[in-house]
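If you want the building blocks of each chain, they are given just below.
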Amino acid sequence: MDKSKIDYTLYLCTDRGLMSCETIEQSVEEGVKGGCTVIQLREKDCTSREFYELAVRVKKITDKYNVPLIINDRLDIAQAVDCAGGHLGQSDMPWAVARKILGEDKIIGISAATLEEAKKAQADYLGVGAMYATNTKTDARAVTKEQLVEIRAAVDIPIVIIGGVNQKTVPNFKGMGIDGAAVVSAVVSQPDIEKAAKDLRELCEDC
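None of the values given here were measured: they were computed from a predicted structure.

### Some details on the overall build of the protein chain
For the protein chain, the helix and strand inventory stands at 8 helices and 8 strands. Taken against the 2.2 N^0.38 rule, which gives 17 Å for 207 residues, the C-alpha radius of gyration of the protein chain at 16 Å falls within 12% of a compact globule. In terms of principal-axis extent, the alpha carbons of the protein chain reach across some 40 × 40 × 30 Å. Here the protein chain, with 207 residues, has 50% of them falling under the buried criterion. Just so you have it, the protein chain exposes about 10200 Å², and 47% of that area is on carbon and sulfur atoms.

### Regarding the pattern of salt bridges
Summed over all chains, the structure comprises 15 salt bridges. The partner of K120 in a salt bridge is E116, and the shortest N-O contact between them spans 3.4 Å. Placement of the pair is K120 and E116 together in helix α5 (residues 115-120), with a separation of 4 residues, close to one helical turn. Assessed through its relative accessible area of 55%, K120 is described here as exposed. For E116, a relative accessible area of 53% gives the class exposed.

### Here we look at unusual backbone geometry
Each neighbour pair has its own omega, and for G129 with A130 the value is 15 degrees, a cis peptide bond. Phi is positive for N66, which is not a glycine, with a value near 55 degrees. Note on placement: N66 falls in the loop between α2 (48-64) and β3 (69-72). In the Ramachandran plot, D82 falls in the positive-phi region, its phi being about 55 degrees despite a non-glycine side chain. By relative accessible area, D82 is classed as partly exposed at 48%.

### A short note on helix α8 (residues 193-205)
Between its terminal C-alpha atoms α8 stretches 18 Å, which fits the 18 Å expected from 13 residues at 1.5 Å a residue. Buried within α8 we find I193, A196, A197, L200 and C204. The arc enclosing the buried residues of α8, seen along the axis, measures out at 95 degrees, which places them on a common side. The inward-facing, buried residues of α8 contact β1 (10-13), α1 (24-34), β8 (180-183) and α7 (185-188).

### Quick word on the pairing of β8
Here β8 shows no split at all, with G180 and A182 on one side and A181 and V183 on the other all buried. Pairing between strand β7 (residues 159-161) and β8: 2 bridges, direction parallel. The residue of β8 that forms the bridge with I161 is A181.

### Here we look at helix α4 (residues 95-102)
Of the positions making up α4, those classed as buried are A98, R99 and L102. The arc that holds every buried residue of α4, seen down its axis, measures 100 degrees, which confines them to one face. Considering only its buried residues, α4 is in contact with α3 (75-81), β4 (85-88) and β5 (107-112). Directly beyond the C-terminal end of α4, a positive phi value near 95 degrees is found at G103.

### Notes on the pairing of strand β2 (residues 38-41)
Burial of the side chains of β2 extends over both faces: V38 and Q40 are buried on one face and I39 and L41 on the other. Strand direction decides the pairing type here: β1 and β2, joined by 3 bridges, are parallel. Its bridge partner being in β2, Y11 is matched across the sheet by V38. The parallel pair β1 and β2 is bridged by α1, and the resulting crossover is right-handed. Where β2 lies against β3, 3 bridges are found, and the strand directions are parallel. If you follow I39 over to β3, its bridge partner there is L69. Handedness of the β-α-β unit built from β2, α2 and β3 comes out right-handed.

Reading guide: rules and limits
Residues numbered from 1 in each chain as written. Predicted model: local features only at pLDDT ≥ 70, side-chain atom pairs only at ≥ 80, totals over all residues. Heavy atoms only, no water. Helix = DSSP H or I, 4+ residues; strand = E, 2+ residues; numbered from the N terminus. Rg over C-alpha atoms; globule rule 2.2 N^0.38 Å. Buried < 20%, exposed > 50% of the residue type's maximum accessible area, 1.4 Å probe, protein only. Areas by Shrake-Rupley, 256 points an atom, 1.4 Å probe, with all protein chains shown as cover. Salt bridge = Lys/Arg side-chain N within 4 Å of Asp/Glu carboxyl O. Expected span 1.5 Å × (residues − 1). Arc of directions from axis to C-beta. Contact = heavy atoms within 4.5 Å. Pairing = 2+ DSSP bridges. Right-handed = clockwise from strand over helix to strand, strands pointing away.

Dropping the structure here:
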């Protein structure tokens with residue numbers, strides 16, 4: 001997969017504690033069928049073996065629909081399943097080390113909440129937020145729209161907004177030059193995951 005051609009429009013992060021269906025795999029497949037363009041697999045409370053086996057199953061689904069799979073934090077898992085890449089927070093492994101591990105062909109995304117973090121990040125894309133308060137990550141640092149404008153002006157890599165992004169808030173970012181929106185509960189918690197993804201995809205494409 002050519003990482004320069006990745007479509008970040010609707011970036012879905014998994015969360016087994018919030019999903020309305022029985023399995024991560026089902027939430028991913030329904031999300032992709034609804035129009036999610038990137039999947040990030042996030043697992044904080046399982047063993048390495050369980051995470052690996054889940055990643056293998058999820059990658060079969062994302063490969064079927066030709067959608068890139070990103071692994072949150074665990075670069076060993078990303079490498080083991082040969083997925084599209086990994087995503088790192090500010091307290092995770094330094095990007096330069098991550099690049100050595102994954103190689104030049106893989107995607108590395110980095111979370112940024114300040115202009116300084118955004119400028120320092122040698123990444124393929126930035127996850128910028130939290131744009132709004134969110135129950136998904138209670139310790140997330142707030143980012144204002146003014147800060148987002150500054151970050152957009154300072155970097156030339158794709159920006160994906162995250163944090164409290166849903167059908168009501170996505171239109172607030174129209175015309176701000178963002179490349180996509182990362183969502184969790186706005187899709188996986190909904191009774192009809194596929195429809196929620198479809199509706200959000202349409203809103204994101206208008207931004």
